[in-house]
Amino acid sequence: MDDNQAEDKPIFRRLYERVFPTVADFFGMLAEQSANAAETTRLLVEFMETGDVAVSQKVREDEHEADRIKAANLSVLSDAFSTPIDREDLFRAITTLDDIVNYCKSTVVEMDMLSLQPDKHSLEMALHIRDGTDALARGFAHLATDPGGAGVEANAALKAERTSEKAYRRAIVELFQGDDYLNMFKRRETYRHMSNAADRVADAARALNNIVVKLC
């Protein structure tokens, strides 16, 4: 190969990549992000079981990692020439998975700020949220190879959210008994953050179901 041919080769490669751009691995990206969210909710459960501030700190650190993953995924989505999944569904999945982690962080931060220890209700809600994100992680992990199975996991996540919402209502009913109003309002704030986390589990499950419907 002469010098001119060596110089021309990168030009042809660039032309080829322009005509046939590489498609990013969005399935892998969603699998990674959902696994990160599931790990954060497992830490949330551990915190609600122990009240350990070191675990609370790990939740905060996970939120920073979640922000990094979300930003990277949105950047890839913005730059992508084509996607194997509807862009709107991708955007919704990326942002709602991140929201789950954000609400986990806000829960532990406010419990620290308000000097609240975990109770049976916060643990119960955390367990259901974890169940939901575990289902999401399994669903997104199998989305590329088994869309039908991913749909089953999406429905499991929706069921976990409904169960968490019932736990939230029971917690509120029990909380607003007696006359310890300061504790009532402090607890209600943290319960609400967890209810919001469960809502985002449902939003991510709906995004997953939308993707499944379009793939099948």
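The next point concerns the overall build of the protein. A count of helical and extended segments in the protein gives seven helices and zero strands. N-terminal to C-terminal, the α/β element order of the protein is α-α-α-α-α-α-α. The 216 residues of the protein split such that 44% are buried. Across the protein, contacts joining residues at least 24 apart in sequence account for 82% of those joining residues at least 6 apart. With an accessible surface of roughly 11300 Å², the protein has 52% of that area assigned to carbon and sulfur atoms.

On to the packing of aromatic side chains. For the structure shown, the criterion picks out one aromatic pair. The interplanar angle of 80° and the centroid separation of 6.2 Å between the aromatic rings of F176 and F185 together place this pair among those described as edge-to-face. A relative accessible area of 33% places F176 in the partly exposed class. We classify F185 as exposed; its relative accessible area is 52%.

Residue placement: D62 occurs in helix α3 (residues 53-79). Comment: no salt bridge for buried D62; closest opposite-charge side chain is R42, at 8.1 Å. Those residues in contact with D62 that lie beyond four places of it in its chain are N36, E39, T40, L43 and V101.

Taking 1.5 Å as the rise per residue, helix α5 (residues 120-141) with 22 residues should run 32 Å; its terminal C-alpha atoms sit 32 Å apart, in good agreement. Two or three places before H121, at the start of α5, stands the capping residue D119, its side-chain oxygen 3.2 Å from that residue's backbone nitrogen.

Moving on to the packing of helix α4 (residues 87-113) against α5. What describes two packed helices is the angle between their axes and the distance between those same axes. It is the contact of α4 with α5, at a shortest axis distance of 12 Å, that shows an interaxial angle of 150°. Of the possible angle classes, the one that applies to α4 and α5 is roughly antiparallel. When the axes of α4 and α5 are compared, the crossing they make is left-handed. Touching A93, L97 and I100 of α4 are T133, L136 and F140, all from α5. In terms of residue class, the contact of α4 with α5 is built from five nonpolar, one polar and no charged.

Okay, the side chain of T40 next. The residue T40 is located in helix α2 (residues 26-50) in this model. Residue classification places T40 among the buried residues on the basis of a relative accessible area of 0%. Apart from the residues within four sequence positions on either side, T40 is in contact with V59, D62, V101 and C104.

The next point concerns unusual backbone geometry. Within the chain, S115 stands out as a residue other than glycine whose phi angle is a positive 55°. Here S115 is to be found in the loop between α4 and α5. S115 gets classed as exposed once you look at its relative accessible area, which sits at 64%.

The subject of this paragraph is the pattern of salt bridges. Following the criterion strictly, the structure yields 19 salt bridges and no others. Across the salt bridge formed by D89 and K214, the nearest N and O atoms sit 2.8 Å from each other. Here D89, found in helix α4, pairs with K214, found in helix α7 (residues 181-215); they are 125 residues apart in sequence, far enough to count as distant. The class of D89 is buried, set by a relative accessible area of 2%.

Procedures and definitions
- Residues numbered from 1 in each chain as written.
- Predicted model: local features only at pLDDT ≥ 70, side-chain atom pairs only at ≥ 80, totals over all residues.
- Heavy atoms only, no water.
- Helix = DSSP H or I, 4+ residues; strand = E, 2+ residues; numbered from the N terminus.
- Buried < 20%, exposed > 50% of the residue type's maximum accessible area, 1.4 Å probe, protein only.
- Contact = heavy atoms within 4.5 Å.
- Areas by Shrake-Rupley, 256 points an atom, 1.4 Å probe, with all protein chains shown as cover.
- Phe/Tyr/Trp six-rings, centres within 6.5 Å; stacked < 30°, edge-to-face > 60°.
- Lys, Arg positive; Asp, Glu negative; His and termini not counted.
- Salt bridge = Lys/Arg side-chain N within 4 Å of Asp/Glu carboxyl O.
- Expected span 1.5 Å × (residues − 1).
- Polar contact = N/O pair within 3.5 Å; in protein donor to acceptor, adjacent residues only side chain to side chain.
- Axes fitted to C-alpha atoms, helices over the stretch in contact; angles between N-to-C directions.
- Parallel < 35°, antiparallel > 145°, perpendicular 65-115°, else oblique.
- Left-handed = near helix turned anticlockwise from the far one by under 90°.
- Nonpolar A, V, L, I, M, F, W, Y, C, P; charged D, E, K, R; others polar.

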